[in-house]
Amino acid sequence: MMKLYIINFILALVAFVNGISVTGNRTLVVYDDRYAKLDDYSNYFDSLKERFEVDFVEVSDKGTQVELTDGLERSYDNLLVFPVKTKALNKRVSAQKLLDFMEQGGNVMTVHSPETATESVRVFWTQLGVHPATKGYELVNDFTKGELDTPLESLNNDVFPKNSAGKKLVIGKAATALLGANEFIVPVLQAERVSQCVKADRKRWSAGPEGYLAVGFQNAINARALWIGSADAFLNSNYESNKEFLNEISKWVFNEKAVIKVVNVAHQHIDGTTYEERPYKVTDNISYEIALSEWNGKQWVPFERNDVQFELRQIDPYYRITMKAVRGGDKAVIYSTGDFKLPDRHGMFTFLTDYKRPGLSYIHESDVRAIRHLANDEYPRSWTITNSWVYLSAIYGVICVWIVFVILFVVTGKKQAAVTTKKQAAATEKKNE
């Protein structure tokens, strides 16, 4: 328990240094003043600046440079790209630079506009399996008039809570994206059933809920990206209506929430003896425990779910056990498999917790250990195996019969020899006479 408290203290200290985001609070906003005036989005940026250190880079000037990395290190932790008209951004912030930024652990949020579909951003998302509409496509609803909005029916409770029945998201001019089959994609918000994303010539990009207004992505190292199909949703005039949604999705993509950490992991014999003290052998009874915490934007809190599983794997899983929360504290919950018996097979086994759920950061905690076979003096004796009693009875029966046979053979052999001797003696005497 002392080890658990120390780890909790370290995690809390790291979170305090980094701010309210686990990955860091250095944020860069890239915008084009010819399209997006900062004053028009000041309410959203003010809420962002309350939580992060925000730098703004205006890219309408051809000489403006955007540096996302400094050698092998990230210059920023988060990147927010608003709609940009200039084509020079394709070189300054190319799709490959965005991909490299994510591979180094950076988070990316891009805002789309039907009037300025930046090519480098589109290519970046296409590489991730998300296909935003090209320039000129706009979401329309022929059944409504006036400002376009859509029901707030979240597809992922960890990104945005689903308890928003009856609420509307004011989106104004917007476009949709189509989704591929990438398992790392996190759908967030679908377009309304009666809407479609079309060009002026009625050429269609998506129809109804096959189009998505908000899509997330989380790679294997838990770096996140988010695509929003409407820049108008961020306008000051719409901010009050959209405030909750915009803040929640921003918290998700910038790792302010839905972040899980492994606090401690241990497995041992059921009597408390560790593997180092007594290595495992086949059919030993052991237990496995893992402690998990979740970052809620302010502090580490216990992560409570009922679907955390443990696997004992040798190529394929031998066991897959759903663990139960056995105890916890202010910072973490400890999940346990309870006591279970190792398989009757020796070799190298992986003790694994592989917890991957859309919207949550991924947990992959593995420990490879050898499970040895039984030594010669550790096998059960034959008389303790009930199935062997038949064979043992046969063996001892043969031995007993053999002994009886030898005794009988010896005894009957002597009598027959004595009779033969007497007969031979009588025959000799008769001959002599």
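Going by the annotation in an unreviewed UniProt entry, the name recorded for the protein is Dolichyl-diphosphooligosaccharide--protein glycosyltransferase subunit WBP1, with Nakaseomyces bracarensis given as the source organism. Of the comments in the UniProt record for the protein, the one headed Pathway (unreviewed entry) reads "Protein modification; protein glycosylation." If you open the UniProt record of the protein and go to Subunit (unreviewed entry), you find "Component of the oligosaccharyltransferase (OST) complex."

Trainee: Looking at this structure, how should I read the overall build of the protein?
Mentor: Within the protein, the secondary structure is distributed over 7 helices and 26 strands. Considering only contacts within the protein whose residues lie at least 6 apart along the sequence, 72% involve residues at least 24 apart. As displayed, the protein has an accessible area near 23100 Å², and 54% of this comes from carbon and sulfur atoms.

Trainee: Where do I start with the packing of aromatic side chains in this structure?
Mentor: The description of an aromatic ring pair rests on the distance of the ring centres and on the angle between the ring planes. All chains considered together, the criterion is met by 24 aromatic pairs. Residues Phe-45 and Phe-82 carry aromatic rings whose centres are separated by 5.4 Å and whose planes lie at 50° to one another, so their mutual orientation is tilted. Taken together, the positions of Phe-45 in helix 2 (residues 42-49) and Phe-82 in the loop between strand 5 (78-81) and helix 3 (89-92) put the pair 37 residues apart, joining distant regions of the chain. For Phe-45, a relative accessible area of 3% puts it in the buried group. You can call Phe-82 buried: its relative accessible area is 1%. With 4.9 Å between their ring centres and 75° between their planes, Tyr-275 and Tyr-280 make a pair best called edge-to-face. One exposure class covers both Tyr-275 and Tyr-280, and it is buried. Put simply, the rings of Tyr-31, Tyr-41, Tyr-44, Phe-45, Phe-56, Phe-82 and Phe-234 touch in pairs and so form one group of aromatic residues.

Trainee: Which parts of the structure should I look at to understand the pattern of salt bridges?
Mentor: Between side chains of opposite charge, pairing is possible as soon as their charged atoms come close. Using the criterion set out here, one finds 22 salt bridges in the structure. In this structure, Glu-248 and Lys-257 form a salt bridge, with 2.5 Å as the shortest nitrogen-oxygen distance. Overall, Lys-257 belongs to the buried group, its relative accessible area being 12%. With a shortest N-O distance of 3.0 Å, Arg-357 and Asp-307 are connected by a salt bridge. Taken as a pair, Arg-357 in the loop between strand 25 (347-355) and strand 26 (363-371) and Asp-307 in the loop between strand 19 (300-302) and strand 20 (309-314) lie far apart in primary sequence, 50 residues in all. On the basis of relative accessibility, which here comes to 25%, the residue Arg-357 falls in the partly exposed class. Given a relative accessible area of 25%, Asp-307 falls into the partly exposed group.

Trainee: Would you take a moment to explain the environment of Thr-353 for this structure?
Mentor: Looking at where Thr-353 falls in the secondary structure, it is placed in strand 25. Those residues in contact with Thr-353 that sit more than four places away from it in its chain are Tyr-288, Ile-290, Val-308, Gln-309, Met-323, Ile-363, His-364 and Glu-365. Side-chain polar atoms of Thr-353 contact the side chain of Tyr-288, separated by 2.9 Å.

Trainee: What's the story with a nonpolar patch on the surface in this structure? I'm lost.
Mentor: A surface patch of nonpolar side chains, amounting to about 1100 Å² of accessible area, comprises Ile-395, Tyr-396, Ile-399, Trp-402, Ile-403, Phe-405, Val-406, Ile-407, Phe-409, Val-410 and Val-411. Take Ile-407: it is sitting in helix 7 (residues 389-432).

Trainee: Looking at this model, I keep getting lost on the sheet that holds strand 13 (residues 196-198). Mind explaining?
Mentor: Strands in a sheet are paired, the pairing made by backbone hydrogen bonds, and the direction either parallel or antiparallel. Strand order across the open sheet formed by 3 strands is 8-13-14, with antiparallel pairing between neighbours. In the strand order of this sheet, the two ends are held by strand 8 (138-140) and strand 14 (204-207), each with one partner. Sheet twist, expressed as the average angle between the axes of neighbouring strands with direction ignored, equals 25°. As defined by bridge partners, strand 8 adjoins strand 13 across 3 bridges and the pair is classed as antiparallel. Counterpart to Leu-139 in the pairing with strand 13 is Cys-197.

Trainee: Help me understand the pairing of strand 14, please; the structure alone is not making it clear to me.
Mentor: A regular strand places its side chains on the two faces of the sheet in alternate fashion. When strand 13 meets strand 14, the two strands line up antiparallel, connected through 3 bridges. Each residue of the ladder has a partner; that of Val-198, found in strand 14, is Arg-204. Between strand 13 and the antiparallel strand that follows it, strand 14, lie 5 residues; Arg-202 among them carries a positive phi value of about 70°.

Trainee: Mind showing me how you'd approach the packing of helix 4 (residues 95-103) against helix 5 (residues 119-127) here?
Mentor: Helix-helix packing is described using two parameters, namely the angle between the two axes and the distance between the axes. Orientation of helix 4 relative to helix 5, taken along the N-to-C sense of each, is 50°, at an axis distance of 8 Å. Between helix 4 and helix 5, the angle falls in the class oblique. Here helix 4 runs over helix 5; the crossing is right-handed. Every residue of helix 5 that contacts helix 4 at Ala-95, Leu-98, Leu-99 and Met-102 is listed here: Ser-120, Val-121, Val-123, Phe-124 and Gln-127. Considering only residue class, the contact of helix 4 with helix 5 consists of 7 nonpolar, 2 polar and no charged.

Trainee: Teacher, can you tell me more about the side chain of Asn-107 here?
Mentor: Note that Asn-107 resides in strand 6 (residues 107-111). Judged by relative accessible area, Asn-107 falls into the buried class, the value being 0%. From its side chain, Asn-107 meets the backbone nitrogen of Arg-224 in a polar contact 3.0 Å long.

Trainee: It is not clear to me how the sheet that holds strand 21 (residues 316-322) should be interpreted in this structure. Could you clarify?
Mentor: Strand order in the open sheet formed by 4 strands is 21-20-25-26, and the pairing between neighbours is antiparallel. Each of the sheet's edge strands pairs with one partner strand only, and the pair in question is strand 21 and strand 26. Taken over all neighbouring pairs, the strand axes of this sheet differ in orientation by 20° on average, direction set aside.

Trainee: Please explain the nonpolar core as it appears in this structure.
Mentor: Core analysis: the largest hydrophobic core is formed by 70 residues, its most contacted members being Tyr-44, Leu-48, Leu-80, Phe-82, Met-109, Phe-234 and Phe-245. If you tally residues by element for this core, the top one is helix 6 (residues 236-253), at 6 residues. In contact with Phe-82, not counting residues within four places along its chain, are Val-30, Tyr-31, Ala-36, Tyr-41, Phe-45, Val-111 and Phe-234. Judged by nonpolar contacts, the second largest core, of 31 residues, contains Val-57, Val-66, Val-81 and Val-93.

How each quantity is defined
- Residues numbered from 1 in each chain as written.
- Predicted model: local features only at pLDDT ≥ 70, side-chain atom pairs only at ≥ 80, totals over all residues.
- Heavy atoms only, no water.
- UniProt positions renumbered as here; feature names shortened; annotations may be inferred.
- Helix = DSSP H or I, 4+ residues; strand = E, 2+ residues; numbered from the N terminus.
- Contact = heavy atoms within 4.5 Å.
- Areas by Shrake-Rupley, 256 points an atom, 1.4 Å probe, with all protein chains shown as cover.
- Phe/Tyr/Trp six-rings, centres within 6.5 Å; stacked < 30°, edge-to-face > 60°.
- Buried < 20%, exposed > 50% of the residue type's maximum accessible area, 1.4 Å probe, protein only.
- Salt bridge = Lys/Arg side-chain N within 4 Å of Asp/Glu carboxyl O.
- Polar contact = N/O pair within 3.5 Å; in protein donor to acceptor, adjacent residues only side chain to side chain.
- Patch = residues over 30% accessible without salt bridge, like charges linked within 9 Å, V, L, I, M, F, W, Y side chains within 5 Å.
- Pairing = 2+ DSSP bridges.
- Axes fitted to C-alpha atoms, helices over the stretch in contact; angles between N-to-C directions.
- Parallel < 35°, antiparallel > 145°, perpendicular 65-115°, else oblique.
- Left-handed = near helix turned anticlockwise from the far one by under 90°.
- Nonpolar A, V, L, I, M, F, W, Y, C, P; charged D, E, K, R; others polar.
- Core = buried A, V, L, I, M, F, W, Y, C linked by side-chain atoms within 4.5 Å.

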